[in-house]
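# Residue-level structural notes
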There are 4 protein chains.
Amino acid sequence: MTTVTTVVPQSAPQEILERYNRVRRRTLALCDPLSAEDMMVQSCPEASPVKWHLAHTSWFFESFVLRPFLPEYRAFNAEFSWLFNSYYQSYSAFPAKRLRSSFSRPGLDEVLHYRGWVDAGMERLIAADPRPEALRLIELGANHEEQHQELLLTDILHAFFTNPLRPDYRAWSESDDLAGMKSGESDQAATRGAEAGRLEFDRYEGGLREVGRQADGFCFDNELPRHRAWIEHFFLGRRLVTCGEFADFIADGGYRRPELWLSAGWDAVNANAWVAPLYWTRQEGDDRDWRIFTLRGEFPLQALAAVPVSHVSFYEADAFARWASKRLPTEFEWESVAEGRQISGNMLSSGRLLPAPPPAGSPSLYSGDGPAQLFGDCWEWTASAYLPYPGFQPLPGSLGEYNGKFMSGQMVLRGGSCVTPDGHIRATYRNFFSPETRWQFSGIRLAR
Amino acid sequence: MTTVTTVVPQSAPQEILERYNRVRRRTLALCDPLSAEDMMVQSCPEASPVKWHLAHTSWFFESFVLRPFLPEYRAFNAEFSWLFNSYYQSYSAFPAKRLRSSFSRPGLDEVLHYRGWVDAGMERLIAADPRPEALRLIELGANHEEQHQELLLTDILHAFFTNPLRPDYRAWSESDDLAGMKSGESDQAATRGAEAGRLEFDRYEGGLREVGRQADGFCFDNELPRHRAWIEHFFLGRRLVTCGEFADFIADGGYRRPELWLSAGWDAVNANAWVAPLYWTRQEGDDRDWRIFTLRGEFPLQALAAVPVSHVSFYEADAFARWASKRLPTEFEWESVAEGRQISGNMLSSGRLLPAPPPAGSPSLYSGDGPAQLFGDCWEWTASAYLPYPGFQPLPGSLGEYNGKFMSGQMVLRGGSCVTPDGHIRATYRNFFSPETRWQFSGIRLAR
Amino acid sequence: MTTVTTVVPQSAPQEILERYNRVRRRTLALCDPLSAEDMMVQSCPEASPVKWHLAHTSWFFESFVLRPFLPEYRAFNAEFSWLFNSYYQSYSAFPAKRLRSSFSRPGLDEVLHYRGWVDAGMERLIAADPRPEALRLIELGANHEEQHQELLLTDILHAFFTNPLRPDYRAWSESDDLAGMKSGESDQAATRGAEAGRLEFDRYEGGLREVGRQADGFCFDNELPRHRAWIEHFFLGRRLVTCGEFADFIADGGYRRPELWLSAGWDAVNANAWVAPLYWTRQEGDDRDWRIFTLRGEFPLQALAAVPVSHVSFYEADAFARWASKRLPTEFEWESVAEGRQISGNMLSSGRLLPAPPPAGSPSLYSGDGPAQLFGDCWEWTASAYLPYPGFQPLPGSLGEYNGKFMSGQMVLRGGSCVTPDGHIRATYRNFFSPETRWQFSGIRLAR
Amino acid sequence: MTTVTTVVPQSAPQEILERYNRVRRRTLALCDPLSAEDMMVQSCPEASPVKWHLAHTSWFFESFVLRPFLPEYRAFNAEFSWLFNSYYQSYSAFPAKRLRSSFSRPGLDEVLHYRGWVDAGMERLIAADPRPEALRLIELGANHEEQHQELLLTDILHAFFTNPLRPDYRAWSESDDLAGMKSGESDQAATRGAEAGRLEFDRYEGGLREVGRQADGFCFDNELPRHRAWIEHFFLGRRLVTCGEFADFIADGGYRRPELWLSAGWDAVNANAWVAPLYWTRQEGDDRDWRIFTLRGEFPLQALAAVPVSHVSFYEADAFARWASKRLPTEFEWESVAEGRQISGNMLSSGRLLPAPPPAGSPSLYSGDGPAQLFGDCWEWTASAYLPYPGFQPLPGSLGEYNGKFMSGQMVLRGGSCVTPDGHIRATYRNFFSPETRWQFSGIRLAR
């Protein structure tokens, strides 16, 4: 069993600074299509305004790196130390989350100055041969900012869906490799809809396995300690469930049959009047003609039929699995399959910003070589509750609140999504949301 | 009894255009201190973002004047015809009010273009010798926009109070005539606190009176028809209740004594944990050191002791009156006193943006010449429920929804406030809000 | 203007005792069809368990008559002095209303003993030549208990409707004069449905009227002082609106057309998913086959077609009136018609327990002799908000909370209902409920 | 791995009937102290009226045993087949849970007749040599009724606490072995408070264990299949946490320190204004003088200082553990300690009806012989989410809804309580409640 710490390999200051700057620049690049007004919108309790993400990620470096490790550091604005605290009770008081939509001041310009001020401080710190503890926290801050990059995109997707005009974040264009997708009428698209093919399962052996992160490279505290777990043999689906398959579930009365649902899920269906995944809409009374809103605009279902279904809650994932006479995998089944495999897939750098169909004709879809879409595309709901690993120790100090206090009432998701920054995800990575959550890129992989 | 219509005197096109342009320019001028981001904030269900006010007031002219009366008019954007509809069910579908905070698109630039487009149309229409019906609707639209000017300021006050940084809308400066007010320490301010003096009452005779608007000049449909009402003799306070007097009520346990409150008021006190008017805050545990947030920044209670208390609900006004062994006046008592008097006072053009103490040494405060602060300063809660006048007829068409459908569950307020545009108010003007409303400049005049 | 008090004419002790005993016995008689378990049910926030009514009415005499006026009186149970207080803040603390459903102890037996104990005390007090003030309060207590007799029946109607088995309070029998009503199939019933005939209106002159109670006989404080009010001429419907007419409103899309509703009413329709009056049900999908649940069991709409519609909110009454191009009368219009007329109608003593069709062939329906169904059948929603009369003074002491503190947010109803005790109602009587209330026997009379 | 079924050993009909009758009689005996009115109370959403428990347990036998297996069985009342269905969606429609408080009809007498009718049917069925499947379902029904016996008591405890008079279910008497407990003043009681002694922990070895029920005797489907799980070595507390220890947590600011709580727990503390376990009350402002309400009346904290704390939520258990620098055990840690031990303790047959102090001077408290209070006293919150075991199969048919559909959002509790029927509990038994639940006898055992 490894020690409970976040271990960072030795790097030269220049490499660290480059890593830092790369992450920080990417955050700004994601804001390119957005106006200062777009960055004010907070359209649901789970989301935050984009401007808040810009400020909070800077606050994180200021609070946990610059203040403790750069003696001469002077705060950009003393008020920001509590204004942009998200939830660290032991660090300072902080505003209620819903108030973030009132932060018209500081304006975007001032927040960008704040980012620059923090960046300048970080540059000085990194140049000054920082202590290993500071380096670890810089890496943590970079990972933290990568998480907010994903949140920034999921939050703006919700914001633009809430806006009655439904603007695009980035329009789909002719030059995109899936040209024709938008109309849903081309033969190409229709064909693509069928390309996903029949869903096959591979058998994996059980046994006593080690799970959790080993001591090489960064990880979050919730991935530790590495420990043993017993797994029975199981079967795992070779690809994610598609929009087309999910439309079959809907057409088969999936949202009207209580026997398919967990009791709490059935309550959620009725309380929220769910009839389809989030972002699916249709004309009143037309049961088939779904349209799906994405960061790239709205598409007819037909155009996305082979694309993994996304923005479903755990309850919907679980009900779909029951309908299909399957189940969801546990997080350790998933991890045991993923461990050791190459981490590649449809992630943020692809620029696609929505899930992609499985690679046509790829051997991985038809052989025992391993499942497709393990990393990227959609976070995969597991059957595992988000609980501490045996011997779990939260990070010391305020950062102990980063993950540990949320280990209740949530389910684990694995594998990253189409808006997860490349390099951020790994086999041991544990994401977690409450089971009714739908605003994330959350999808379904079946097991049995 | 007059006919039930909104009558506008004949005016030359040039005068009408000047009137129109004056109103429209004033709306923009009120936005001078605001950023595009400020104009996105919607901090409570009653309020709207400022940008929405800019768009909706243009929509009003477009929908009810340009479309019906300017044949060649082409809409700026077809979507806007429903996007910026507020609540006219018979005109078009419209977005839920809470969604207005998601309208980052159209951006402020586009909304300003929309205003310009509508202004150009209006100029063409007015130059083209419009029909009398169109003129009446232009006047209605100008009055509608004046109402939104007041709302714009009350909404931004709430927005800035909600922002944890509590920015000023317009800072108080040395050159303001109440210099020293901010500190609350000068002798001047202390004296001013005392200047309000003892509250005197004048006796007014009862009898059969006519109330409601006579047929000269614009009025809203809810001021009609002019009709007879019987009033008993009564006494009316010569000035509004001050912050200092209200602080006495608080210090005497006013918010903790159920016998002072209407039953629904007591429920509101407990449900909302009210302990003072909206925008009054204090240090935890300090029962005396109130600070009052305004559009001009925050002031100590001492500095505003002689200023009319504002931002109280009907329930608080009623409880204060009971505590003082008085009552609130009815709307017809108020109107019978106001009718025929000159309409002047501390209104929007004063630039003060908060209520003012009664004029020191003014004869009106000490004689039967009439009460001070009748117009401007604060809307005055009356004891009258907002109900239709006998024979009330809503305006024809969609504009019938302007006032009539709200005649339930609300109380009448009279007299205008410090943010009411000069010229907008009159003796017969009926404002109305639900009794728990506090975000308006609503204050207290006593009767007995 | 009369003095503001509740004046009771001199009566002999024996008469007073008989009056007292008559009221008390009637309360118990109303419980005959009920079990101790029935008397535990509290099926909505407005209602109370029947057992609580039995105890609270005794508490009223104990608290406001026996304790102050019978020196040797010893409380039956010291805890009851606060346990059965309803809402008199200045008298004692009291349990939250929703807790009344937990009062399995004291049991019904003990509550009946409590009633006997109080009755014995009252007998001693009345025999002992009580002070006029005590006599006034006895009369008030008797009227108070009569109000709770009506509430007891409306509450048990709601309780039995909530019970999925929908038991009868008292079954309809062959010997009832409207035999055949239950089936709705007889020719008799069909004819009766038509008997209500076309709704006619009578014209009444306006002028300066006196309204409010004159100083002869008991009244509540809210009927005082008698004062002058100006009324314009008006027309009033000769009978109440029937279930058949209301079904036409429903069939014409009444509940789906926002233009017919006050804004708050439309919100209520949508929030509560109203599609018909309370107690109307139908088979899923069948838009015509309404069944109406009553204290006498369930009837098909057809059988009640000529019966006044009941259990509608003010909003529904107002929307129906707008649909019919009419309006609701004001409380003073109603009172000016009712004053001086004989107080008779379908009230509690008829034993019918539901509204009755207007008397067939009665001249009153076809002449200017006055409207039918003025008293009894249904409380009639008026267009008047429940506000204090000019010069209103609440009763002294805790009893000042009886009526006064509810003068906010409610509408006035006039005329009593089929479950109002005979002798309880009068032309000046003001009942009041919030506008969304439906569990009372509240119906519609039109004016224009 | 065993097969996924509920296996019942062969028994003679006479034994089965005796088992059945014993369970049924015990349910009625628990009602001895209750009136028909007591049996109407439903004081919180989690609870049901006692009368409903009486009816529903009969419905269970009628629906799942008599209807399928006794051909000549005629239903007592056809309506009851849906009226007393709790939540089996696939069996029939059923009333919303909150409506159970309106079931004054059927009355208690009729429900008792229903029980007798079902008992007679069961006697005939058992005498007729029933099929093994029927025997299995009879045993399931008996276990089902035992669960409702516990619920009946926890529900009536809540009902009596809600009643402002706070009646006893069964008064504490001199003859009870803990005489003097009620006053809290005797030396005996004070001593007893200290007797719990310092909390010691025993070390248990880890390894690959089998968990879940083996195929001998009844169990619920959620205890199956038996399967392997890896456990690390751990320490487990020798007794439950006491009221005295929990009072120390409160006095140390436990409910005011967010760092001790899970995020959702801290939200629950604030939303519900928790300051102590359920049923603990104190005089306003007195931070030490707690009184604890039980089925045996109210006791001062001092008298129960050595008694296990009960009626705490998972969040409170977790926060207490964090405060004590410990944690809660997992369900498999607990099971691995409990397996093979004798099942004895303070359960329903003791008649105590509240938890008991650990046995004074017992070697089990001071040696490695095993922990005290493993069975009975309080259900012990574990750190394990309630999830299906690998290969879990719900029972076939409607009974598949018994447990499986609740496997979301709940935590596992182990060991039974002072109101669990003796013989009902076992080492593999999995109880489950949502983490904010407090109305059960739920307590705390620490691990580390």
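Treat the numbers as computed from the prediction; the structure is a model and nothing was measured.

Definitions and limits used
One numbering rule holds for all chains: residues counted from 1, following each sequence as written. Throughout, the order in which chains and ligands are written sets their labels, letters from A for the former and numbers from 1 for the latter. In keeping with the predicted nature of the model, local features appear solely for residues at pLDDT of at least 70, side-chain atom pairs appear and are counted solely at 80 or more, and the whole-chain, interface and lining totals rest on all residues. The side-chain numbers reported here are obtained from all heavy atoms of the structure, hydrogens and water having been left aside. Numbering of helices and strands starts at the N terminus; helices are DSSP runs of H or I of at least 4 residues and strands are runs of E of at least 2. With a 1.4 Å probe rolled over the protein chains alone, any residue whose accessible area is under 20% of its type maximum counts as buried; one over 50% counts as exposed, and the rest are partly exposed. Throughout, a residue-residue contact means that at least one pair of heavy atoms, one from each residue, lies within 4.5 Å. Accessible areas in this description were obtained via Shrake-Rupley with a 1.4 Å probe; residue shielding takes into account the shown protein chains only. At least two DSSP bridges between two strands are required for those strands to pair. Note on definitions: angles span 0 to 180 degrees between N-to-C directions of axes, and those axes are lines fitted to C-alpha atoms, for helices only across the stretch in contact. Here the copies were fitted onto each other by least squares, based on C-alpha atoms from residues at pLDDT of at least 70 in both. Note on terms: buried area is the combined drop in 1.4 Å-probe accessible area of two parts once they are placed together, counting the loss on both. Within this document, salt bridges are pairs made up of a side-chain nitrogen of Lys or Arg and a carboxyl oxygen of Asp or Glu, the two lying within 4 Å of each other. Between N or O atoms, a polar contact is any pair within 3.5 Å; within protein, one atom must be a potential hydrogen donor and the other a potential acceptor, and residues adjacent in sequence are included only when both atoms are from side chains. Each residue gets one of three labels, nonpolar for Ala, Val, Leu, Ile, Met, Phe, Trp, Tyr, Cys and Pro, charged for Asp, Glu, Lys and Arg, and polar for the others, Gly among them. Any angle that is under 35 degrees is reported as roughly parallel, and any over 145 degrees as roughly antiparallel; angles of 65 to 115 degrees are reported as roughly perpendicular and all others as oblique. Left-handed is the label given to a crossing in which the near helix is rotated counterclockwise from the far helix by less than a right angle, and right-handed is the label when the rotation is clockwise. Aromatic rings from Phe, Tyr and Trp, with only the six-membered ring used for Trp, were paired whenever their centres fell within 6.5 Å, and each pair was classed as stacked if the ring planes differed by under 30 degrees, edge-to-face if by over 60, and tilted otherwise. Placement of a charge over a ring requires the Lys NZ or Arg CZ to be within 6 Å of the ring centre, with the centre-to-atom vector within 35 degrees of the ring normal. Note that domain bounds follow an automatic or database assignment of domains.

## Let's talk about the overall build of chain A
- Tallying secondary structure elements over chain A gives 10 helices and 13 strands in all.
- Out of the 448 residues belonging to chain A, those deemed buried represent 61%.
- For chain A, contacts bridging at least 24 residues in sequence account for 79% of all contacts bridging at least 6.
- Entry remark: accessible area of chain A is about 16700 Å², with carbon and sulfur atoms responsible for 50%.

## Here's the deal with the sheet that holds strand E11 (residues 411-414) of chain D
All names here are of chain D.
- The four strands lie next to each other as E12-E11-E10-E13, forming an open sheet whose pairing is mixed. At either margin of the open sheet sits one strand with a lone partner, and together these are strand E12 (431-433) and strand E13 (442-443).
- Note: strand E10 (residues 379-385) against E11, three bridges, orientation antiparallel. Bridge pairing in E11 links Glu380 to Arg414.
- Running at roughly 15° to E11, helix H10 (residues 331-338) makes contact with E10 and E11 of the sheet.

## Description of the relation of the copies chain D and chain C
- In the superposition of chain D on chain C (RMSD 0.0 Å, axial shift 0.0 Å), the rotation amounts to 180°. One copy is carried onto the other by what is essentially a two-fold rotation axis. Closest to the rotation axis within chain D is the C-alpha of D:Glu37, separated from it by 2.7 Å.
- Interface residue correspondence from chain D to chain C reaches 100%, placing this contact among same-surface, isologous pairings.

## Structural notes on the sheet that holds strand E5 (residues 280-281) of chain C
Residues and elements named next belong to chain C.
- One open sheet accounts for three strands, arranged E5-E6-E7; its pairing is antiparallel. Of all strands in the sheet, those with a lone pairing partner are E5 and strand E7 (297-300), marking the two edges.
- Here four bridges tie strand E6 (residues 291-294) to E7, and the two strands are oriented antiparallel to one another. Among the inter-strand pairings, Thr294 is bridged to a residue of E7, identified as Gly297.

## Considering the relation of the copies chain B and chain C
- If you rotate chain B by 180° and push it 0.0 Å along the axis, it lands on chain C with an RMSD of 0.1 Å.
- An overlap of 100% is found between the interface residues of chain B and their copies at the interface of chain C, pointing to a shared contact surface.

## A few points about the interface of chain B and chain C
- Contact residues are listed per partner, giving 24 residues for chain B and 25 residues for chain C.
- Taken together, both faces of the contact between chain B and chain C bury some 1900 Å²; the carbon and sulfur share is 65%.
- There are two salt bridges connecting chain B and chain C.
- Across the pair C:Arg228 and B:Glu232 runs a salt bridge, and its minimum N-O distance is 3.6 Å.
- Our count for the contact surface shared by chain B and chain C stands at two residue pairs in polar contact (both at pLDDT 80 or more).
- Classifying every residue of the side of chain B that touches chain C gives 16 nonpolar, five polar and three charged.

## Some words on the packing of helix H1 (residues 13-30) of chain C against helix H5 (residues 132-162) of chain C
Residue and element names in this part refer to chain C.
- Remark: H1 packs on H5, axes separated minimally by 10 Å, with the N-to-C direction vectors making an angle of 15°. Judged by the inter-axis angle, H1 sits roughly parallel to H5. Judged by the twist between their axes, the crossing of H1 over H5 is left-handed. Across the interface between the two elements, Ile16, Arg19, Val23, Arg24, Arg26, Thr27 and Leu30 of H1 pack against Leu135, Ile138, Glu139, Ala142, Asn143, Glu145, Glu146, Gln149, Leu152 and Leu153 of H5.
- Among the residues forming the contact of H1 with H5, the class breakdown is eight nonpolar, three polar and six charged.

## With respect to the packing of aromatic side chains
All names here are of chain C.
- According to the stated counting rule, one finds 172 aromatic pairs over all chains in the structure shown.
- Taking 6.2 Å as the distance between ring centres and 65° as the angle between the ring planes, the aromatic pair formed by Phe246 and Tyr255 counts as edge-to-face.
- By relative accessible area, which is 0% here, Phe246 ends up buried.
- On the accessibility criterion, Tyr255 (7% relative accessible area) is buried.
- Note on Phe314 and Trp381: the rings are 5.9 Å apart at their centroids and 70° apart in plane angle, and the pair reads as edge-to-face. With a gap of 67 residues between them, Phe314 in helix H9 (residues 314-323) and Trp381 in strand E10 (residues 379-385) connect regions that are remote in the sequence.
- What makes Phe314 buried here is its relative accessible area of 4%.
- Lying across the ring of Trp52, Arg100 places its NZ or CZ 3.7 Å from the centre.
- Between Arg448 and the ring centre of Phe235, over which it is positioned, the NZ or CZ distance is 4.4 Å.

## Some points on the packing of helix H7 (residues 243-251) of chain B against helix H9 (residues 314-323) of chain B
All names here are of chain B.
- Relative orientation of the contacting elements H7 and H9 amounts to 80°, with a least axis distance of 11 Å. One finds that H7 runs roughly perpendicular with respect to H9. In this structure, H7 contributes Glu245, Phe246, Asp248 and Phe249 to the contact, and H9 contributes Glu316, Ala319, Phe320 and Trp323.
- Tallied by class, the residues present in the contact of H7 with H9 amount to five nonpolar, no polar and three charged.

## Overview of H10(D)
Residues and elements named next belong to chain D.
- H10 sits mainly inside the fold: eight of its eight residues count as buried.
- When H10 is considered as a whole, its buried residues turn out to be Glu331, Phe332, Glu333, Trp334, Glu335, Ser336, Val337 and Ala338.
- Trailing H10 by a residue or two, Gly340 shows a phi angle of about 90°, which is positive.

## Thoughts on the pattern of salt bridges
- Taken as a whole and judged by the stated rule, the model has 116 salt bridges over all chains.
- The shortest N-O distance in the salt bridge between B:Asp252 and B:Arg257 comes to 3.0 Å.
- Owing to a relative accessible area of 39%, B:Asp252 belongs among the partly exposed residues under this scheme.
- With its nearest N and O atoms 4.0 Å apart, the salt bridge here joins D:Glu62 to D:Arg67.
- When its relative accessible area of 0% is taken as the criterion, D:Glu62 is described as buried.
- Through salt bridges that share partners, A:Arg24, A:Arg115, A:Asp119 and A:Glu145 make up one connected network.

## Remarks on the domain arrangement of chain A
All names here are of chain A.
- The domain architecture assigned to chain A consists of domain 1 (13-162) and domain 2 (187-443).
- Of note, the centres of domain 1 and domain 2, computed from C-alpha atoms alone, are 28 Å apart.
- At the surface where domain 1 touches domain 2, the tally comes to 15 residue pairs in polar contact (both at pLDDT 80 or more).
- Per-element accounting of the side of domain 1 that touches domain 2 gives the leading share, 18 residues, to helix H5 (residues 132-162).
- Its residues assigned to classes, the side of domain 1 that touches domain 2 comprises 16 nonpolar, eight polar and six charged.

## Focus: the interface of chain D and chain C
- With 27 residues of chain D at the contact, the number on the chain C side is 29 residues.
- Interface area for chain D against chain C, summed over the two sides, is near 2200 Å², with a carbon-plus-sulfur share of 61%.
- If you sort the residues of chain D by the area they bury against chain C, D:Glu37, D:Arg105 and D:Leu165 come out on top, with a joint share of 33%.
- Counting every contact that joins chain D to chain C gives four salt bridges.
- A salt bridge links D:Asp38 to C:Arg105; its shortest N-O distance comes to 2.6 Å.
- At the boundary of chain D and chain C, one finds 14 residue pairs in polar contact (both at pLDDT 80 or more).
- A per-element tally of the side of chain D that touches chain C places helix H5 (residues 132-162) of chain D first, with three residues.
- Among the residues forming the side of chain D that touches chain C, the class breakdown is 16 nonpolar, six polar and five charged.

## Digging into the side chain of B:Asn346
Residue and element names in this part refer to chain B.
- Inspection of the secondary structure assignment puts Asn346 in strand E8 (residues 345-346).
- With a relative accessible area of 11%, Asn346 lands in the buried category.
- Here the side chain of Asn346 touches Leu354 through a polar contact of 3.0 Å, landing on its backbone oxygen.
- Polar contacts involving the side chain of Asn346 include one to the side chain of Asp377, which spans 2.9 Å.

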